[in-house]
Amino acid sequence: MRLDKFLKVSRIIKRRTVANEACDESLVLANGRRAKASYDVKVGDILEITFGNRTTRLKVLSVSDHVAKAEAAEMYEILS
């Protein structure tokens, strides 16, 4: 699944266009490297997302195209 779509489906970022812009501005790292919006997210990837002056690290636990709102948080685990 594309990174921008994963960020939207997992409800980490509300809109796919905003997720796409975050990737373009190098605010998202995948496994320690700058990630483009087209990056293919896999289970076990470590994502780092910068929101303002706060960075959130998370581990991808599952990848699914459609997820209910209540189950969206089960797609990842926050590391720090």
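Before reading on, note that the structure itself is shown above.
Attention here is on the structure that accompanies the text.

Conventions and cut-offs
- Residues numbered from 1 in each chain as written.
- Predicted model: local features only at pLDDT ≥ 70, side-chain atom pairs only at ≥ 80, totals over all residues.
- Heavy atoms only, no water.
- Helix = DSSP H or I, 4+ residues; strand = E, 2+ residues; numbered from the N terminus.
- Rg over C-alpha atoms; globule rule 2.2 N^0.38 Å.
- Buried < 20%, exposed > 50% of the residue type's maximum accessible area, 1.4 Å probe, protein only.
- Contact = heavy atoms within 4.5 Å.
- Areas by Shrake-Rupley, 256 points an atom, 1.4 Å probe, with all protein chains shown as cover.
- Lys, Arg positive; Asp, Glu negative; His and termini not counted.
- Charge placed at Lys NZ, Arg CZ, Asp CG, Glu CD.
- Salt bridge = Lys/Arg side-chain N within 4 Å of Asp/Glu carboxyl O.
- Pairing = 2+ DSSP bridges.

### A look at the overall build of the chain
Here is step 1: Secondary structure assignment for the chain yields two helices and five strands.
Here is step 2: Helices and strands in the chain line up, N terminus first, as α-α-β-β-β-β-β.
Here is step 3: Whereas a compact globule of 80 residues would reach a radius of gyration of roughly 12 Å, the chain reaches 11 Å, a difference of no more than 12%.
Here is step 4: Principal-axis analysis of the C-alpha atoms gives the chain an extent of 30 × 25 × 20 Å.
Here is step 5: Taking all 80 residues of the chain together, the buried fraction comes to 34%.
Here is step 6: For the chain, the proportion of contacts with a sequence separation of at least 24, taken over those separated by at least 6, is 33%.
Here is step 7: For the chain, the exposed area adds up to about 5000 Å²; of that, 47% sits on carbon and sulfur atoms.
Here is step 8: With 15 positive and 11 negative side-chain charges, the chain shows a separation of 2 Å between the mean positions of the two kinds.

### Looking at the pattern of salt bridges
Here is step 1: The tally for this structure, following the rule as stated, stands at four salt bridges.
Here is step 2: Among the ionic pairs, arginine 2 bridges to aspartate 4, the shortest N-O distance being 3.1 Å.
Here is step 3: According to the relative accessible area criterion, aspartate 4 is buried, its value standing at 2%.
Here is step 4: For the salt bridge of arginine 16 with aspartate 4, the shortest nitrogen-to-oxygen distance reads 3.3 Å. Of this pair, arginine 16 sits in helix 2 (residues 16-24) while aspartate 4 sits in helix 1 (residues 3-9), placing them 12 residues apart in sequence.
Here is step 5: Where salt bridges share partners, they join Arg2, Asp4 and Arg16 into one cluster.

### Overview of the pairing of strand 3 (residues 46-51)
Here is step 1: In this structure, strand 1 (residues 28-30) lies alongside strand 3, joined through three bridges in antiparallel fashion. Each residue of the ladder has a partner; that of alanine 30, found in strand 3, is leucine 47.
Here is step 2: Alignment of strand 3 against strand 4 (residues 54-60), held across six bridges, turns out to be antiparallel. When the bridges of strand 4 are listed, isoleucine 46 appears paired with lysine 59.
Here is step 3: The hairpin turn running from strand 3 into strand 4, its antiparallel successor, is two residues long, and glycine 52 in that turn takes a positive phi close to 65°.

### Side note on the pairing of strand 4
Here is step 1: Of the strand pairs in this sheet, strand 4 and strand 5 (residues 76-78) are connected by three bridges, and their pairing is antiparallel. Considered in strand 5, the bridge of lysine 59 is made with glutamate 77.

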